[in-house]
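# Results of the structural survey
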Amino acid sequence: MTVKILYFASLKDALGCTEESFVLPSGVSTVGELRAFLADRGEKWKALGEGRNVRAARNQRMAAPADPVLPGDEIAFFPPVTGG
């Protein structure tokens, strides 16, 4: 199953990319599992790791870790945004 993954703001800078098309490995079926899988890819990817303040959206709607990832989904990861 292929999904599109987007990275924004400081995550984009830390990872050195803005997006990728990704074939999910077996066993990765939720937003939380995808985030954990990506964080395990190497040193710079730890920016997505557990304990880091990162939000996720699935198809442009806020997503919880237990939300499913389906073929063709667009998953975005970004830091929380504050404004004033």
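Read on for an overview of the structure.

Parameters at a glance
Residues numbered from 1 in each chain as written. Predicted model: local features only at pLDDT ≥ 70, side-chain atom pairs only at ≥ 80, totals over all residues. Heavy atoms only, no water. Helix = DSSP H or I, 4+ residues; strand = E, 2+ residues; numbered from the N terminus. Rg over C-alpha atoms; globule rule 2.2 N^0.38 Å. Contact = heavy atoms within 4.5 Å. Areas by Shrake-Rupley, 256 points an atom, 1.4 Å probe, with all protein chains shown as cover. Phe/Tyr/Trp six-rings, centres within 6.5 Å; stacked < 30°, edge-to-face > 60°. Buried < 20%, exposed > 50% of the residue type's maximum accessible area, 1.4 Å probe, protein only. Lys NZ or Arg CZ within 6 Å of the ring centre and 35° of its normal. Arc of directions from axis to C-beta. Salt bridge = Lys/Arg side-chain N within 4 Å of Asp/Glu carboxyl O.

## Observations regarding the overall build of the chain
Each helix and strand in the chain was counted, giving two helices and five strands. Taking 2.2 N^0.38 as the reference for a compact globule, 84 residues should give roughly 12 Å; the C-alpha atoms of the chain span a radius of gyration of 12 Å, in line with that estimate. With the principal axes as the frame, the chain shows a C-alpha extent of 40 × 30 × 20 Å. Sequence-distant contacts, at least 24 apart, represent 50% of the contacts inside the chain between residues at least 6 apart. Just so you have it, the chain exposes about 5,100 Å², and 51% of that area is on carbon and sulfur atoms.

## Overview of the packing of aromatic side chains
Here the structure, examined in full by the defined rule, presents three aromatic pairs. With 6.4 Å between their ring centres and 15° between their planes, Tyr7 and Phe77 make a pair best called stacked. Of this pair, Tyr7 sits in strand E1 (residues 2-7) while Phe77 sits in strand E5 (residues 74-78), placing them 70 residues apart in sequence. Pair check on accessibility: Tyr7 and Phe77 agree, each one buried. Among the aromatic residues, ring-to-ring pairing joins Tyr7, Trp45 and Phe77 into one connected group. Above the face of the Trp45 ring, Arg41 is positioned so that its terminal group lies 4.3 Å from the ring centre.

## Section: helix H2 (residues 31-39)
Considered for burial, the residues of H2 that qualify are Val31, Leu34, Arg35, Leu38 and Ala39. With its buried residues spanning 130° around the axis, H2 presents them on a single face.

## Thoughts on unusual backbone geometry
The phi torsion at Ala9 lies on the positive side, around 55°, for a residue other than glycine. Along the chain, Ala9 turns up in helix H1 (residues 9-15). Phi at Asn59 takes a positive value of approximately 55°, unusual for a residue other than glycine. If you trace the backbone, Asn59 turns up in the loop between strand E3 (55-58) and strand E4 (61-62).

## Considering the pattern of salt bridges
Throughout the structure, instances matching the rule amount to three salt bridges. With its nearest N and O atoms 2.9 Å apart, the salt bridge here joins Arg41 to Glu20. Residue Arg41 is found in the loop between H2 and E3, and its partner Glu20 is found in strand E2 (residues 19-23); the two are separated by 21 residues along the sequence. Classification of Arg41 by relative accessible area gives partly exposed; the value is 35%.

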